[in-house]
Amino acid sequence: MPDVLLSENINGEAVKALSQRFHVTFLPDLWKDPPALLRCIPDFRALIVRNQTQVNRALLDAAVRLEVVGRAGVGLDNVDVKAATERGILITSTPDQNAISVAELAIGMMLSLARRIPAAHEDTRAGNWNRQRFCGTELHGKTFGIIGAGKIGYLTACRAKAFGMKILAYDPYLSCDNVYLSELAGELVSLEVLLERSDVVSCHMPSTPETAGLLNAGMFGRMKPSALFINTSRGEVVAEADLAEALRAGILAGAALDVRAKEPPTAGVLEDAPNILLTPHIAAFTDEAQNRVTRAICEDIARVLDGQPAQNSVNRVSKN
Ligand code: MLT
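The paragraphs below set out a description of the structure included in this document. Computed from a predicted structure; not experimentally measured.

## Observations regarding the sheet that holds strand 8 (residues 187-188)
Pairing within the open sheet is parallel, and its seven strands lie in the order 8-7-6-9-10-11-12. The sheet is open, and its two edges are formed by strand 8 and strand 12 (276-278), each paired on a single side. Here five bridges tie strand 6 (residues 143-147) to strand 7 (residues 166-170), and the two strands are oriented parallel to one another. For Gly 145, the partnering residue across the bridge sits in strand 7 and is Leu 168. Lying over the sheet, helix 5 (residues 99-114) contacts strand 6, strand 9 (200-203), strand 10 (228-231), strand 11 (254-257) and strand 12, oriented at roughly 150 degrees with respect to strand 10.

## Comments concerning the pattern of salt bridges
Considering all chains together, one arrives at 17 salt bridges under this definition. With a shortest N-O distance of 2.7 Å, Glu 67 and Arg 45 are connected by a salt bridge. A residue pair is termed long-range when its members are at least 10 positions apart, and Glu 67 in the loop between helix 3 (57-62) and strand 4 (68-71) and Arg 45 in the loop between helix 2 (34-40) and strand 3 (46-49) qualify at 22 residues. We classify Glu 67 as partly exposed; its relative accessible area is 28%. Between Arg 222 and Glu 196 there is a salt bridge; the shortest N-O distance is 2.6 Å. Here Glu 196 lies in helix 9 (residues 191-197) and Arg 222 lies in the loop between helix 10 (217-220) and strand 10, a separation of 26 residues in the sequence.

## Things to note about the sheet that holds strand 4
Ordered by their spatial adjacency, five strands build an open sheet running 2-1-3-4-5, and the pairing between neighbours is parallel. Because the sheet does not close on itself, it has two edges, and the strands there are strand 2 (24-26) and strand 5 (90-92). Each strand of the sheet is rotated relative to its neighbour by a mean of 15 degrees, with strand direction disregarded. Both strand 1 (residues 4-6) and strand 3 contribute to a ladder of three bridges, which runs parallel. From the neighbouring strand, Leu 6 faces strand 3, where its bridge partner is Ile 48. The strands touched by helix 12 (residues 287-305) within the sheet are strand 1, strand 3, strand 4 and strand 5, with strand 4 carrying the most contacts at an inclination of about 170 degrees.

Calculation notes
- Residues numbered from 1 in each chain as written.
- Predicted model: local features only at pLDDT ≥ 70, side-chain atom pairs only at ≥ 80, totals over all residues.
- Heavy atoms only, no water.
- Pairing = 2+ DSSP bridges.
- Helix = DSSP H or I, 4+ residues; strand = E, 2+ residues; numbered from the N terminus.
- Contact = heavy atoms within 4.5 Å.
- Axes fitted to C-alpha atoms, helices over the stretch in contact; angles between N-to-C directions.
- Salt bridge = Lys/Arg side-chain N within 4 Å of Asp/Glu carboxyl O.
- Buried < 20%, exposed > 50% of the residue type's maximum accessible area, 1.4 Å probe, protein only.

See the structure below:
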């Protein structure tokens, strides 16, 4: 009898180890075919996904044997946790396992924008030697604003601090005596103040009804014309057409996005915007982070299938 279904591309040593103990079915493209997923889900006790499988109420209702869903990553926007809880299905995730990699990409994006590295590279590859054209800006002494001061925001701010930047944070769930923020001599401010004072703004928020389209024309209008905007969190937090327009109008100097409102995106306004850097949701994609994420999720799934408590459950379910 099948045990574990992997509906996205999740592999490595930890998956092999899980396969030695349980019957594991690896269908990495199944997330693209929701009707096929719906047909096969009744057979499984566990489902492991990344961010593309839609674990919605209809799927959970059909999942008559399902005990646990493992989210190999941190965001839960593709999982209906409420519906799972109602059906007694446990959800586990891998908080913190990819945080360093995401922070490192955000910093890489900041350096790339500040020194215009991708544009200078393309120009030099084309046979040019335009030193004046690629005069950039220094980060030392500038202000780095994080929107969302959880683990990833904090690790990103630590790295910005190492460049000699001042730290501002906006997070409605944080108190101003937060110990991590104090360690960085960071200041907790309103979103409006953060946007007005920051030279670099980096988003680290989940996608929720409260954060949808939070960064819109009105908010971009508050930023300095020299400011850089980075989003490695969730695409839905940015009103993409407003960002493209802000770049075109010179309301801000540059933007880097690793995430999009729709993934994969349909080519649109952002691809043609000036001073934009786009990557395909790779912030968590490093060998180290993926090994940690895969190991953590496979170990938690094995625990649940063995009747043990999960280490990283995001909901509480009662067993009958
Ligand atoms: C996460 O939520 O962990 C990252 O964005 C990567 C992913 O979605 O798989």
